[in-house]
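Residues per chain are reported as follows:
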Amino acid sequence: MKVAIFGAGTMGSGIAQVFAAKGHTALMYASSVASAQRHRDKLAASLNKKVARGKMEQAAADDIMSRVRVEEFEAAADADLVIECVAENMAVKKELLGRLDALCKEETIFASNTSSLSLTEMAQGLKHPLVGMHFFNPVPVMKLVEVIAGGNTPAELVEWTKNLSLEIGKTPVVVNEAPGFVVNKILVPYCNEGVCVLQEGVASAEDIDIAMQLGCNHPMGPLHLGDLIGWDVVLSIMDVLYNETHDSKYRANVLIRKMVRAGKLGIKSGEGFFSYNK
Ligand code: CAA
């Protein structure tokens, strides 16, 4: 299958790796061909690191990269599947999907990796039906895919997406459209609450994370997890939850806004509530 992935950041690169590892051709798209090439190089470097640590065979890494390609926009015309993972912004996603709608063959399946936005609104005006295929970070490691049915997603497309998720080694759960779906409706307010606990001076960032790791057996605490997700992403999801429901339990802590404005986004920027070597 030829899969065109739009947005080559953490999620897009991980999705490309997963599809390529299962024998599919993965086209990586970013804001420009040069930028997509840089993301492809980064993916190759991360696989090479795994090889160096003895976690992956060189042949497996080469095999994956032989199927990850960077091409011009027009090459997506005959893709079997397009997955958009661009910025978590309705206008940006709709603009891209509109251009793809005009470009792609009728049979191309359209999927969105949105982590919180309305599939029904995103699909408005498209000839191609749209399904949600929500992966988790880090994509090669996390087993779950939330398969999201928007208001007009055909039942057969939901079924097809479930089967595809199984085929690429993931476990799908079918979710009806709702802001944040299942995981982010629970997990993102949890990260926000971690920041509230810090802001109230209840404990240090280190101790909040140790408490949740050792007290609940979570693999990482809420502040490290927000650093992994990216506080810009956490903030945009909190804002979607709040704007869709007007429920004050979804109010983003102002410290998160301040962190985002300061560019302290977490692991991807080198600093969040903790510091990371770039
Ligand atoms: N990409 C690829 N592989 C990665 C990786 C990455 N970014 N980070 C870690 N891994 C791999 C490692 O290579 C390792 O695999 P091998 O054993 O084959 O080498 C494995 O994961 C375990 O890694 P580590 O031993 O380095 O570290 P760890 O045991 O502490 O695990 C973790 C790291 C998997 C990230 C773990 O801490 C974890 O599961 N954290 C929670 C992650 C989580 O909750 N993700 C969901 C975020 S929410 C989201 O994504 C949705 C959204 O829309 C916002």
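Just above, that's the structure.
I will try to describe carefully the structure that is included in this document. Bear in mind the structure is a predicted one, so any value in this text is a computation, not a measurement.

## Some words on the overall build of the chain
No. 1: Counting its secondary structure elements, the chain contains 11 helices and 8 strands.
No. 2: For the chain, whose C-alpha radius of gyration is 19 Å, the value lies close to the compact-globule estimate of 19 Å for 278 residues.
No. 3: Within the chain, buried positions represent 49% of all 278 residues.
No. 4: Considering only contacts in the chain between residues 6 or more positions apart, those separated by 24 or more positions represent 65%.
No. 5: Between the centroid of the 28 positive side chains of the chain and the centroid of its 32 negative side chains there is a distance of 4 Å.

## Overview of the site of the ligand
No. 1: Near the ligand there are 17 residues, and of these Lys50, Ser115, His134, Asn137 and Asn184 occur at the shortest range.
No. 2: Going through the elements one at a time, helix 7 (183-199) and helix 9 (222-229) are the ones with two or more residues in the shell around the ligand.
No. 3: Counting residues per element, the shell around the ligand draws most heavily on helix 9, at 3 residues.
No. 4: When grouped by side-chain class, the residues that make up the shell around the ligand number 11 nonpolar, 4 polar and 2 charged.

## Here we look at the packing of aromatic side chains
No. 1: Taken as a whole and judged by the stated rule, the model has 3 aromatic pairs.
No. 2: Here the aromatic rings of phenylalanine 6 and phenylalanine 73 are separated by 5.9 Å at their centres, their planes lie at 70°, and the arrangement is edge-to-face. Of this pair, phenylalanine 6 sits in strand 1 (residues 2-6) while phenylalanine 73 sits in the loop between strand 3 (68-69) and strand 4 (81-84), placing them 67 residues apart in sequence.
No. 3: With 5.1 Å between their ring centres and 80° between their planes, tryptophan 231 and phenylalanine 273 make a pair best called edge-to-face. Of the two residues, tryptophan 231 sits in helix 10 (residues 231-245) while phenylalanine 273 sits in the segment after helix 11 (254-261), which places them 42 residues apart along the sequence. When sorted by exposure, tryptophan 231 lands in the same class as phenylalanine 273, which is buried.
No. 4: Each member of the aromatic cluster is reached from another via a ring pair, and the members are Phe6, Tyr29 and Phe73.
No. 5: Positioned above the aromatic ring of phenylalanine 73 is the side chain of arginine 99, whose terminal nitrogen or guanidinium carbon lies 4.7 Å from the ring centre.

Reading guide: rules and limits
Residues numbered from 1 in each chain as written. Predicted model: local features only at pLDDT ≥ 70, side-chain atom pairs only at ≥ 80, totals over all residues. Heavy atoms only, no water. Helix = DSSP H or I, 4+ residues; strand = E, 2+ residues; numbered from the N terminus. Rg over C-alpha atoms; globule rule 2.2 N^0.38 Å. Buried < 20%, exposed > 50% of the residue type's maximum accessible area, 1.4 Å probe, protein only. Contact = heavy atoms within 4.5 Å. Lys, Arg positive; Asp, Glu negative; His and termini not counted. Charge placed at Lys NZ, Arg CZ, Asp CG, Glu CD. Near = heavy atom within 4 Å. Nonpolar A, V, L, I, M, F, W, Y, C, P; charged D, E, K, R; others polar. Phe/Tyr/Trp six-rings, centres within 6.5 Å; stacked < 30°, edge-to-face > 60°. Lys NZ or Arg CZ within 6 Å of the ring centre and 35° of its normal.

It is worth stressing that arrangement in space is one thing and function is another; only the former is reported here.
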